[in-house]
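Understanding the architecture of this molecule
Given next are the chains, with one letter for each unit.
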Amino acid sequence: MLSNKELNTIFKFNLLNYQCFFDQESNVEFFVKEKYFIVSSNQIFIKDLWILLQIFQKHSVEANICFLFYSANDELLKSFIEEAKPHFKKLNLFLVPKEILNKSLLENSIFMLEEFINRSKLNSLVSHNFILILNKHIKNNLFFLTRLVNYREINNEQYKKEKINLGIIVHARMSSTRLPGKAMLEINGEPVIFKILKRIKEYFVNAKTILSTSTNKNDDYMASYINQKGFQVYRGEEEDLVSRFVDIALNEDLTHIVRITGDDMFRDLISINKLLARFINNDLDYIFSDDLILGCNSEIMNIESLLFINKFATFPNSTNALSWFLDREEIFNIEEFFHDVPKRYPISLMLDEKKDYLSFLKLWENDETFFSSCWKYNELFIKLEKDLGIFSFHPEDVGLLNRDKIRFSFRFDKKVE
């Protein structure tokens, strides 16, 4: 029996063996009874291909797979497949180059495909069976080549409706360089990190709210304090954030994760629900916003994306900057969410420096009830307009810097550079 999650991945591709196409009537026997397959797609995300390979590995006795991908990232796909081969011992993977597929599509003929497959270094039996499949389904006019690449007759909406188990992970540590120990700085008698966790928990009553921190001794007191307050605490390697998140997600059976940092006292919690709805509806891997005041925006990711990063990140100890790994549209299905809000003020509401702490002290002193509540963004906007003078951080641009392509790379990236 194939799970709904497996079916959702399968229907992002076109799969055929000599007997048939994989359709809504197909089941696990499709993988068990045949050894030779054609897989095609005109919109390929590498993370989805990785999951599809796991499905073949799990259900096939042996699988020889010819990929026909109409993609702008042919070299990256080729590099990924080479990187993936050692992890899938039962699979023989073969990618037809984009230029061969392009010419075949223009001519609506499989002649070039046949010629390329025959000239390849494939075992003769394997190449023979690939060509048999192409001839049966295309050459005999049972299926045109253009439709093979663009085949989208399967409605996979029913397979997207998996149970959502949302986890909100707040990661914090005491070793901040600009403001050491900021997580445990007190505002109106409570540590910052506790205020963040408590506010989240009061709004997301059905989600798991968890503190993620390191195993460093400096974080012992914070971990103990938060645990005594009734929150779950997970600890791990300080810089390898993705392995910590993966451990939490697997142990808690999380499907989707909201990442919040220990200096995000102004996270727009209502916005998170809007992002989650879009995430589910569009079957995304990662969604983020960047149009609210800095410190209010959110991001959501699924467990599969975290597992992918954990598997293929070149430098796992750079995953403390997790967003840089996720913001790869050729690997993950990502979307930027835009709110219907006024232009943001160029201020930061993140607790980075002592002057931020002093500003926050004044805000909470003036209205603890409001700032500790699940306020609406337009209400926050009005509040801040009255107190803009307390913020000393007024840069013209509070956007992110350019991505470091080496530090935040995957192992198959370096083979393309």
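This report concerns the structure included in the present document. Because the structure is predicted, anything quoted here is derived from the model rather than measured.

All buried positions along helix α5 (residues 98-107) are accounted for by Ile100, Leu101, Ser104 and Leu105. End-on, the buried residues of α5 take up no more than an arc of 130°, which puts them together on one face.

Time to look at the packing of helix α12 (residues 241-252) against helix α14 (residues 303-312). Where α12 meets α14, the closest approach of the two axes is 9 Å, and the angle between their N-to-C directions is 140°. By the angle between their directions, the pair α12 and α14 is classed as oblique. Judged by the twist between their axes, the crossing of α12 over α14 is left-handed. From α12, Val242, Ser243, Phe245, Val246, Ala249 and Leu250 reach across to α14, where they touch Ile303, Leu306, Leu307, Ile309 and Asn310.

Mapping Glu330 onto the fold places it in the loop between α15 (322-326) and β13 (334-337). On the basis of relative accessible area, Glu330 is assigned to the buried category, the value being 18%. Those residues in contact with Glu330 that lie beyond four places of it in its chain are Ile44, Phe45, Ile46, Asn73 and Leu76. Within the local environment of Glu330, its side chain forms a polar contact with the side chain of Arg328, the two groups lying 2.8 Å apart.

Below, the discussion takes up the packing of α5 against helix α6 (residues 111-119). Any two packed helices are characterised by the angle at which their axes cross and by the distance between the axes. Remark: α5 packs on α6, axes separated minimally by 8 Å, with the N-to-C direction vectors making an angle of 150°. Accordingly, the angle class assigned to the pair α5 and α6 is roughly antiparallel. Here Ile100, Lys103, Ser104 and Glu107 of α5 come into contact with α6, specifically with Met112, Leu113 and Phe116. Per-class residue counts for the contact of α5 with α6 are four nonpolar, one polar and two charged.

Scoring rules and cut-offs
Residues numbered from 1 in each chain as written. Predicted model: local features only at pLDDT ≥ 70, side-chain atom pairs only at ≥ 80, totals over all residues. Heavy atoms only, no water. Buried < 20%, exposed > 50% of the residue type's maximum accessible area, 1.4 Å probe, protein only. Helix = DSSP H or I, 4+ residues; strand = E, 2+ residues; numbered from the N terminus. Arc of directions from axis to C-beta. Axes fitted to C-alpha atoms, helices over the stretch in contact; angles between N-to-C directions. Parallel < 35°, antiparallel > 145°, perpendicular 65-115°, else oblique. Left-handed = near helix turned anticlockwise from the far one by under 90°. Contact = heavy atoms within 4.5 Å. Polar contact = N/O pair within 3.5 Å; in protein donor to acceptor, adjacent residues only side chain to side chain. Nonpolar A, V, L, I, M, F, W, Y, C, P; charged D, E, K, R; others polar.

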